[in-house]
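Single-letter residue listing:
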Amino acid sequence: MGSPSRARGTSSQLIEKYKRYVSGSQAFKYFPMIVGKALNARIWDTDGREYIDFLSSAATYNVGHSNREVLEAVKTQLDKFIHYCLYLYHEPVVELAELLAGITPGSFEKKVAFGLSGGDANDAALKAALVYTRRRVIVSFDYSYHGTTALDIAVSGSFSPELRGLMPFRDVYFAEYPDTYRCIGGVEDPEECGELYLSRFEELLKKIGGSNVAAIILEPVQGDGGVLIPPANFIKGVRKMASEHGIVLIDDEVQTGMGRTGRLFAIEHYSVEPDLMVLGKALGGGMPVSAVVGRSDIMDSAPPQSFFATSAAHAASVAAAIAVVKYVTRNNLHERAREMGEYALKRLNELKEKYEVVGDVRGLGLMIGVDIVVDKKSKRPDRAKALKIIWRAWEKGLVMMTYGKYGNVLRIAPPLTIPREDLDKGIDIIEESVKDVLEGKVPDEVVDKMTAWK
Ligand SMILES: Cc1ncc(COP(=O)(O)O)c(C=O)c1O
């Protein structure tokens, strides 16, 4: 494991060049680290330092980095042809569509449309709902994240109202997303908390007029909001209201899908069937592919070409996705995520007992958040401390980032294939980093070295 405090030599030159030529609007930047190699739950920088990966390229590598079956599937496809756009047919797209229709919840007839990113698939799902219902309004949630097309930004509560206001689509309402740790009114009982948010949701829908709403777009666990896990009564209630008003319920599983939360899809935790489900990230095992899976009548309602992109359903990426689906289902990777997640939660809860700044530990499967606070009583978010912890962790050989509506949540999302020893080592590093920060060993300046969520 390495202990870099700054990028050196050729690394820093490359980073300078990046800053000169790559748009600053592209992404946040956490560490001055250049990825050189990756295998399962480990990555190496170009200076050869080794790290445990708790980020998985933002929850992409559920099946591990450089998964052999994914690599073989891509190579086999590349030897035949790289891709052909969907003006003609190809075999992989049919196989993947059939597989996805089979494994997603809902006993109704389904169809699938493909894209290249979670964001473009959300865009397609929203378009489908607008066209199908012939309505204009979309209901989303505070601090949600759905991608970066203009439509995605307009419906993503995590972007600023200023930025959203500059997008061409304005018919959006944001409902409050349940936060059981900082529940409105200080309510502590999760079920009561769920009811409270649900009644506010109902009020909002009444105000808008349910029959004006085309879609409700919902993350079954809000990732970028800070791993917020809504009570089941809330999700069930939203499903019921959507059905009563003929609203399309879009389940954004871009971050939660493919076993991440201990079920194949997070919505299954609530025994709810969405009308459309959106997949991305982990679906391609590192290759760019996304999908909307849902009711055939909705999926077929927009005219041909509405979801077209020349590289959509890219044959090599789709071949990777077929391998991912088979790998996850054959190995019951979602169950492994559940077991490893329970173990990680147990260990992280021990840290919560020991350290005043560890306010809350929450998660489903291997989608875990550690909420860093000033003190347990006030629950006041401490973003600066969280950033110092991840910086120290990086110096000690663990890649992890922060997110959440206050930017103070440690994001733990390793590959679902992570060996137990790596999980343990990563959690050990978190504890050492918390200690170092509390003992004043991490300078305040590191906070300004990162551009981070919030
Ligand atoms: C819930 C959710 N939806 C959509 C997206 C966008 O996916 P992509 O970055 O592949 O466009 C993300 C990405 O973080 C996400 O977490």
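Residues numbered from 1 in each chain as written. Predicted model: local features only at pLDDT ≥ 70, side-chain atom pairs only at ≥ 80, totals over all residues. Heavy atoms only, no water.

An unreviewed UniProt entry lists the chain under the name 4-aminobutyrate aminotransferase apoenzyme, with Desulfurococcus mucosus as the source organism. Database annotation for the chain, UniProt heading Sequence similarities (unreviewed entry): "Belongs to the class-III pyridoxal-phosphate-dependent aminotransferase family." A UniProt comment under Cofactor (unreviewed entry) is attached to the chain, and it reads "pyridoxal 5'-phosphate". (UniProt positions renumbered as here; feature names shortened; annotations may be inferred.)

Draft legend 1. Geometry of helix α11 (residues 315-330). Compared with the 22 Å implied by 1.5 Å per residue over 16 residues, the 22 Å span of α11 between its first and last C-alpha is a close match. By the criterion of burial, α11 is predominantly enclosed, with 13 of the 16 residues buried. (Helix = DSSP H or I, 4+ residues; strand = E, 2+ residues; numbered from the N terminus. Expected span 1.5 Å × (residues − 1). Buried < 20%, exposed > 50% of the residue type's maximum accessible area, 1.4 Å probe, protein only.)

Draft legend 2. Representation of the environment of Ala27 in the model. Mapping Ala27 onto the fold places it in the loop between α1 (9-21) and β1 (35-39). Classification of Ala27 by relative accessible area gives partly exposed; the value is 41%. On a C-alpha basis, the gap between Ala27 and Arg134 in space is 35 Å, while along the polypeptide they are 107 residues apart.

Draft legend 3. Quick peek at a negative patch on the surface. Taken together, Asp189, Glu191, Glu192 and Glu195 make up a surface patch of like negative charges. Relative to the helices and strands, Glu195 resides in helix α8 (residues 190-208). Note on Glu195: relative accessible area 43%, which makes it partly exposed. (Patch = residues over 30% accessible without salt bridge, like charges linked within 9 Å, V, L, I, M, F, W, Y side chains within 5 Å. Areas by Shrake-Rupley, 256 points an atom, 1.4 Å probe, with all protein chains shown as cover. Salt bridge = Lys/Arg side-chain N within 4 Å of Asp/Glu carboxyl O. Lys, Arg positive; Asp, Glu negative; His and termini not counted. Charge placed at Lys NZ, Arg CZ, Asp CG, Glu CD.)

Draft legend 4. Up close: the pairing of β1. Here four bridges tie β1 to strand β2 (residues 42-45), and the two strands are oriented antiparallel to one another. What sits directly across from Lys37, in β2, is Trp44. Count of turn residues in the β1/β2 antiparallel hairpin: two residues, of which Asn40 carries a positive phi of about 50°. (Pairing = 2+ DSSP bridges.)

Draft legend 5. Layout of the site of the ligand. Taken together, Ser117, Gly118, Gly119, Asn122, Tyr145, His146, Gly147, Glu219, Asp252, Val254, Gln255 and Lys281 form the complete shell of residues around the ligand. Here a nitrogen atom of the ligand and a backbone polar atom of Tyr145 are 3.2 Å apart. In this structure, Asp252 approaches the ligand through a side-chain N or O atom, which is 2.7 Å from a nitrogen atom. For the ligand, whose free accessible area comes to 390 Å², the fraction covered by protein is 83%. Residue contributions to the shell around the ligand peak at three residues, all from helix α5 (residues 118-133). A class-by-class count of the residues in the shell around the ligand yields two nonpolar, seven polar and three charged. (Near = heavy atom within 4 Å. Polar contact = N/O pair within 3.5 Å; in protein donor to acceptor, adjacent residues only side chain to side chain. Nonpolar A, V, L, I, M, F, W, Y, C, P; charged D, E, K, R; others polar.)

Draft legend 6. Main features of α5. In this model, α5 (16 residues) spans 23 Å end to end at C-alpha, consistent with the 22 Å of a helix rising 1.5 Å per residue. Here α5 lies mainly inside the structure; 12 of its 16 residues are buried. Along α5, the positions that sit buried rather than exposed are Gly118, Gly119, Ala121, Asn122, Asp123, Ala124, Ala125, Leu126, Ala128, Ala129, Leu130 and Thr133. Arg134 sits one or two positions beyond α5 and adopts a positive phi of about 60°.

Draft legend 7. Geometry of the nonpolar core. Ranked by internal contacts, the top residues of the largest apolar core, which has 119 residues, are Phe54, Leu100, Phe201 and Ile430. Considering every element that reaches this core, the biggest residue donor is α11, with 10 residues. Among the domains, domain 1 (9-60 + 332-449) and domain 2 (68-330) are the pair contributing at least three residues each to this core. Leaving out residues up to four positions away in the same chain, Ile430 has contacts with Phe54, Leu348, Leu351, Leu398, Met400, Leu410 and Ile412. (Core = buried A, V, L, I, M, F, W, Y, C linked by side-chain atoms within 4.5 Å. Domains from an automatic or database assignment. Contact = heavy atoms within 4.5 Å.)

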